[in-house]
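Residue-level listing of the chains:
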Amino acid sequence: MKKWFAVIGDPIAHSKSPEMHNAWFAELGIDATYIPLHVTEENLAAAITSLRVLGSSGFNVTIPHKEKIIPYLDELDPLAKKMGAVNTVVRLADGRLKGYNTDGLGFLRSLEMVTGHKPEAKVVLLGAGGAARGIAFAMAQAGYTLTIANRTVARAQAIIDELGHGEAMALSDVDASAYDIIIQTTSAGLSADFALPIDVSRLRKEAFVADIVYNPLVTPFLRAAQKQGATIINGVGMFVNQGAIAFNHWLDVMPDTKSMIASIEEQLGGN
Ligand code: ATR
């Protein structure tokens, strides 16, 4: 029987996941389809029951359901449990639903596609929200020690405490010249009308600067870093890699990420 997959969220119309997964199914000759499903918060429980009853082989979970879905699942991968958020659900052979979180690992893969595996690098993560949390746990698991800088220092300190190593500080105290890798996850700096989260005037040319946002492809923060001569990494790689890791959980096949990244970047207007 044809397998079917979905992404649930609210809003969902903008999601690029259906196009990406359907392109991979076609490329790999897999008889499956992937559909976007608009699920509001009050319909979340009913939607999960429907996905079970109707036999979805797996689905992605996006804003605003990544945390609230947890009680409806039967099993959690340890990393998803630590993160307290799920973006991928797999229907196991016995029909039980298992939650994973591939966001942080997706980010790490996209970073390392450019930097290589550099656990000794000095890394500062800007922000301490849900996205930063996922990245922090995935990077710590891969051997990196992080500085986490946030407007509200206590939130950064809470993640550092959970990790058991690293340093928390205020965004305003970040000296950009001290880092090899800077990762921007805050919602500041998205619009040119707002101040950038940190001062990049002392950024080193050898530094790598990543943003998790992929639309616009080059955020005002990345643009400022690029002007300083740093290598910039947009959010397309994270999006594609989180999807590829989910795809692999569902089908035990790793799809091609490089050509998918190039094709989405081209759609979004190139670099
Ligand atoms: P997400 O799940 O996308 O990470 P979130 O949990 O709402 O979203 O987190 C948003 C992040 O952006 C937080 O780190 C937040 O800082 P606070 O913890 O101090 O709220 C940060 N952020 C939002 N607006 C900001 C601004 N104007 N300046 C600096 N940081 C900002």
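Sequence order sets the numbering: in each chain, residues are counted from 1 along the sequence as written. Residues qualify for local features only when their pLDDT is at least 70, as the model is predicted, and side-chain atom pairs are given and counted only at 80 or more; totals for whole chains, interfaces and linings, by contrast, use all residues. Each side-chain value is worked out from all heavy atoms of the structure, with water and hydrogens disregarded.

**Points about the environment of Ala6**
Stage number 1. Helix and strand definitions follow DSSP, with helices as H or I runs of at least four residues and strands as E runs of at least two, each counted in order from the N terminus. Looking at where Ala6 falls in the secondary structure, it is placed in strand E1 (residues 3-9).
Stage number 2. When the C-alpha positions of Ala6 and Ile159 are compared, they lie 31 Å apart, and in sequence the two are 153 residues distant.
Stage number 3. If sequence neighbours within four positions are ignored, Ala6 has contacts with Tyr34, Ile35, Leu37, Leu51, Gly58, Phe59 and Asn60. Here a residue-residue contact requires only that any non-hydrogen atoms of the pair lie within 4.5 Å.

**A closer look at the site of the ligand**
Stage number 1. In the vicinity of the ligand there are 13 residues, among which Ala128, Asn150, Arg151, Thr152 and Arg155 approach most closely.
Stage number 2. Each polar contact in these results corresponds to two N or O atoms within 3.5 Å; when the atoms are within protein, one needs to be able to donate a hydrogen and the other to accept it, and residues that are neighboring in sequence are counted only if both atoms are side-chain atoms. Take Ala131: an N or O atom from its main chain is 3.2 Å from an oxygen atom of the ligand.
Stage number 3. Residue Thr152 places a side-chain N or O atom 2.5 Å away from an oxygen atom belonging to the ligand.
Stage number 4. Coverage of the ligand by the protein amounts to 66% of the 650 Å² it exposes when considered alone. Residue proximity to a molecule or strand is established when one non-hydrogen atom of the residue lies within 4 Å of it. All accessible areas in this document rest on Shrake-Rupley with a 1.4 Å probe, and a residue is counted as covered only by the protein chains that are shown.

**Details of the sheet that holds strand E8 (residues 146-150)**
Stage number 1. Only when DSSP finds a minimum of two bridges between them are two strands counted as paired. Read from one edge to the other, the open sheet built from six strands follows the order E9-E8-E7-E10-E11-E12, with strand pairing classed as parallel. Each edge of the open sheet is held by one strand with a lone partner, namely strand E9 (167-170) and strand E12 (231-233). Recorded for the sheet is a direction-independent mean angle of 20 degrees between the axes of neighbouring strands.
Stage number 2. The sheet contact formed by strand E11 (residues 208-211) and E12 spans three bridges and is parallel. The partner of Val209 across the bridge, within E12, is Ile232.
Stage number 3. Helix-sheet contacts for helix H4 (residues 103-115) involve strand E10 (181-184), E11 and E12, and the interaxial angle to E12 is about 155 degrees.
Stage number 4. Angles shown run from 0 to 180 degrees and are taken between the N-to-C directions of axes, each axis being a line fitted to C-alpha atoms and, for helices, limited to the stretch in contact. The sheet strands contacting helix H6 (residues 153-163) are E8 and E9, and the helix crosses E8 at an angle near 155 degrees.

**A look at the side chain of His65**
Stage number 1. Relative to the assigned elements, His65 resides in the loop between strand E3 (58-61) and strand E4 (75-76).
Stage number 2. Classification of His65 as buried rests on a relative accessible area of 0%. When accessible area is computed with a 1.4 Å probe and restricted to protein chains, residues below 20% of their type maximum are described as buried, those above 50% as exposed, and intermediate ones as partly exposed.

**Let's talk about the pattern of salt bridges**
Stage number 1. Any Lys or Arg side-chain nitrogen found within 4 Å of a carboxyl oxygen on Asp or Glu counts as a salt bridge. All told, the structure shown has 11 salt bridges when counted by the stated rule.
Stage number 2. Residue Lys2 pairs with Asp31 through a salt bridge whose shortest N-O separation is 3.1 Å. Of the two residues, Lys2 sits in the segment before E1 while Asp31 sits in the loop between helix H1 (17-28) and strand E2 (32-38), which places them 29 residues apart along the sequence.
Stage number 3. Of the charged contacts in the structure, one is a salt bridge between Asp175 and Arg202, with a shortest N-O distance of 3.0 Å. A residue pair is termed long-range when its members are at least 10 positions apart, and Asp175 in the loop between E9 and E10 and Arg202 in the loop between E10 and E11 qualify at 27 residues.
Stage number 4. Relative accessible area serves as the criterion here: at 32%, Asp175 is assigned to the partly exposed category.
Stage number 5. The network of salt bridges with common partners includes Glu75, Asp94, Arg96 and Lys98.

**Quick notes on the packing of aromatic side chains**
Stage number 1. Each Phe, Tyr or Trp ring, with Trp reduced to its six-membered ring, pairs with another whose centre is within 6.5 Å; inter-plane angles below 30 degrees give stacked pairs, above 60 give edge-to-face pairs, and intermediate values give tilted ones. Taken as a whole, this structure holds six aromatic pairs when the rule is applied.
Stage number 2. Summarising the aromatic geometry, the rings of Tyr34 and Trp250 are spaced 6.1 Å apart at their centres and angled 55 degrees between planes, so their arrangement reads as tilted. Taken as a pair, Tyr34 in strand E2 and Trp250 in helix H8 (residues 236-251) lie far apart in primary sequence, 216 residues in all.
Stage number 3. Residue Tyr34 is classed as buried on the basis of its relative accessible area, which comes to 2%.
Stage number 4. Here Trp250 falls in the buried class, since its relative accessible area comes to 10%.
Stage number 5. Cluster of aromatic residues (ring-pair linked, three or more members): Phe5, Trp24, Phe25, Tyr34, Phe247 and Trp250.

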